[in-house]
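Analysis of the macromolecular model
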Amino acid sequence: MDPFDAGAGGILRQPKAVWATAGASVVAFMGIGLVDPILPSIAKGLDASAGQVSLLFTSYFLITALAMLVTGFVSSRIGGRKTLLLGLAFVVVFAGLAGTSDTVGQLVGYRAGWGLGNALFVSTALAVIVGAAAGGSAAAILLYESALGLGMACGPLLGALLGDASWRYPFFGTAFLMAIGFLCISVFLKEQPKPARKTSLLDPIRALGHGGLASAAVSAFFYNYTFFTVLAFTPFVLNMTPYKSGAVFFAWGVLLAVFSVLVAPSMQRRFGSLKVLGGSLVLLAADVLVLGYGNHTAAIVCTILSGAFIGVNNTVYTELALGVSDAPRPVASAGYNFVRWFAAAAAPFFAPKIEEWTDVHIPFVVAAVTAVLGAVVVAVRRRSLTHEAEELEPKHAAEDSVAVFAD
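None of these values were measured; they are calculated from a predicted model.

Regarding unusual backbone geometry
Despite not being glycine, D47 has its phi angle at roughly 55 degrees, a positive value. Mapped onto the elements of the fold, D47 is located in the loop between helix 2 (39–45) and helix 3 (50–78). Judged by its relative accessible area of 73%, D47 is exposed. Positive phi, close to 50 degrees, is recorded for N239, a residue that is not glycine. Relative to the helices and strands, N239 is located in the loop between helix 9 (211–238) and helix 10 (242–271). Given the relative accessible area of 60%, N239 is considered exposed.

If you want it as C-alpha cells, here you go:
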C-alpha cells in the first residue's frame, strides 16, 4: 500500500491525535536548529565567545543523551500521553526562561532543561503516533520522518525571522508553539495502554552488549560528531546575517527532509543499506573538507549539500539500529541514542577549541576524519550488522512497539 494514498490508513487520513502529536514533533525538532542563525547574535548580545555560545548545543545534547536512560523508565510507568505532556511542559518553561537570560551561563543552563523536555517528548512521540495511527506503522513512521525533516528545515528559518529583531524572540516563539502543542495533545490524544513490562534504568546499557547494536551506535557516534560540527560550528564560519544564515540552513533542512524520506529508501532498495551508508559517509567527509577549505561561496554550497548526506545517513542509521538488536525496540533505541548523542554534545564544544588551538580549517578536517571512521566501523563490522539484522527481521516485524530516534 502506498503510504501517501489518501484512502483509509494513508498518511493524509489520520486521527486528530496523530496530527496533534506530529505537529508538536515538528516544533520539537525545530528547537534543534533554531539557534543556528542567531548564534553570532547571541554571542554579541551576551558578550560571549563562539566556544561559550556553542555550549548551547553541548548542554542540550548532553542532557538529551543522559535522559535516554530515563525516558523508557518514565514512559513505561506513567504512559505515553503523560510523558509527552511532561516533556512539552519542560520545553515551554525552559525555552521561555532561555529568552530571559542575562548571561550565557543562564542560557546554557536553561537550554539543558529544554534538552530534558525534548528527550522525554521525542523519545515517546513515534511510539504514540504508531499506536494511534490508522492503517499500520508504515504511514505513521513516514509522517514522523516528515515531521522531523520539516522541523529541521523550519527551525533555522524561524530562528532567523524572529532573531532578526532580537535573539530572545526565537526562544519565546518556541515556548508559545509548544504550549499550543501541549493543549492539542491534552485535547486530542487519549492515553494508550502501558507496556506489559516496565523498563529499568539499566536496560539500555545492557542492550549495548549486543555486538550489532553496539557497532551501529559507535558508527553513529562518529557520524554525529561530523553532523553537529556542521550544525553548530559552521554558522560562525559563514558569519552571515540571521536572515541569510537562516536561508542557508533552511535549504540544508529541505535537502535533509527530501533525502531522508524520499531518496534514502529508494537507494537502500537498489544498493543495500550498508553500501548506501558507507558511501554517504565518505561523500559527507569530502563535502566537509571542501566546506572547510573552500571560499565563502563553496562553504555555503557545501553546507547546503551536506543536508542530503545527513538525510540519507539519518534514515539508514535509524533502520539499522531498529533491526539489528534482539532487545525490545524502545530499549535498543535508548541505548543507541545514549551513545550517539554524546558526540552531538562533544562536537560543539571541541570544534571552537580546535580552532583556537590551530586554525579555522582543522575542525572540519577532524569532522571529515570522524565521518570516515564511521564508514570504517560499518565496513569492519559488516558481517555482524548484516547477518544479525537479517536473522532478527521477522521477529521485529511482528513487534507492535516502535522505538524513537531523534535524528
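Quick notes on the nonpolar core
I42, F61, F121, F171, I185, F228 and W252 are the most contacted members of the largest nonpolar core, which has 113 residues in total. By residue number, the principal contributor to this core is helix 9, which donates 14 residues. Setting aside anything within four residues of it in sequence, one finds F61 in contact with I32, F228, W341, A344 and A345.

Here's the deal with a nonpolar patch on the surface
On the surface, a nonpolar cluster with roughly 310 Å² of combined accessible area is contributed by V70, L201, L202 and I205. For V70, the position within the fold is in helix 3.

Remarks on the confidence of the model for the chain
In this model, the chain carries an average pLDDT of 83, and 89% of its residues clear a pLDDT of 70 or more. Of all helices and strands in the chain, the one with the weakest mean pLDDT is helix 15 (residues 382–397) (55), whereas helix 14 (residues 362–380) scores best (97). Confidence over residues 387–407 falls short of pLDDT 50; this stretch has 63 contacts with residues more than four positions distant or in other chains.

Considerations on the side chain of S260
With respect to the helices and strands, S260 occurs in helix 10. Here S260 falls in the buried class, since its relative accessible area comes to 5%.

What about the packing of aromatic side chains?
Considering all chains together, one arrives at 17 aromatic pairs under this definition. Relative to F94, the ring of F90 lies with its centre 6.0 Å away and its plane at 5 degrees, an arrangement referred to as stacked. Of the two residues, F90 and F94 are both situated in helix 4 (residues 80–98); the distance of four residues between them amounts to about one turn of the helix. Judged by its relative accessible area of 26%, F90 is partly exposed. For F94, a relative accessible area of 21% puts it in the partly exposed group. Summarising the aromatic geometry, the rings of F349 and F350 are spaced 5.1 Å apart at their centres and angled 80 degrees between planes, so their arrangement reads as edge-to-face. Judged by relative accessible area, F350 falls into the partly exposed class, the value being 36%. Through pairs of rings, three or more aromatic residues link up here, namely Y60, F61, W114, W167, F171, Y223, F227, F228, F249, W252, Y317 and W341. Stacked on the ring of F73, the Lys or Arg R77 has its end atom at 3.7 Å from the ring centre.

Some remarks on the packing of helix 10 against helix 12 (residues 296–324)
It is the contact of helix 10 with helix 12, at a shortest axis distance of 7 Å, that shows an interaxial angle of 40 degrees. In terms of orientation, helix 10 and helix 12 fall into the oblique class. Handedness of the helix 10/helix 12 crossing: right-handed. Residues of the contact of helix 10 with helix 12, tallied by class, amount to 16 nonpolar, eight polar and one charged.

Basis of the calculations
- Residues numbered from 1 in each chain as written.
- Predicted model: local features only at pLDDT ≥ 70, side-chain atom pairs only at ≥ 80, totals over all residues.
- Heavy atoms only, no water.
- Helix = DSSP H or I, 4+ residues; strand = E, 2+ residues; numbered from the N terminus.
- Buried < 20%, exposed > 50% of the residue type's maximum accessible area, 1.4 Å probe, protein only.
- Core = buried A, V, L, I, M, F, W, Y, C linked by side-chain atoms within 4.5 Å.
- Contact = heavy atoms within 4.5 Å.
- Patch = residues over 30% accessible without salt bridge, like charges linked within 9 Å, V, L, I, M, F, W, Y side chains within 5 Å.
- Areas by Shrake-Rupley, 256 points an atom, 1.4 Å probe, with all protein chains shown as cover.
- Salt bridge = Lys/Arg side-chain N within 4 Å of Asp/Glu carboxyl O.
- pLDDT = per-residue confidence, 0-100.
- Phe/Tyr/Trp six-rings, centres within 6.5 Å; stacked < 30°, edge-to-face > 60°.
- Lys NZ or Arg CZ within 6 Å of the ring centre and 35° of its normal.
- Axes fitted to C-alpha atoms, helices over the stretch in contact; angles between N-to-C directions.
- Parallel < 35°, antiparallel > 145°, perpendicular 65-115°, else oblique.
- Left-handed = near helix turned anticlockwise from the far one by under 90°.
- Nonpolar A, V, L, I, M, F, W, Y, C, P; charged D, E, K, R; others polar.

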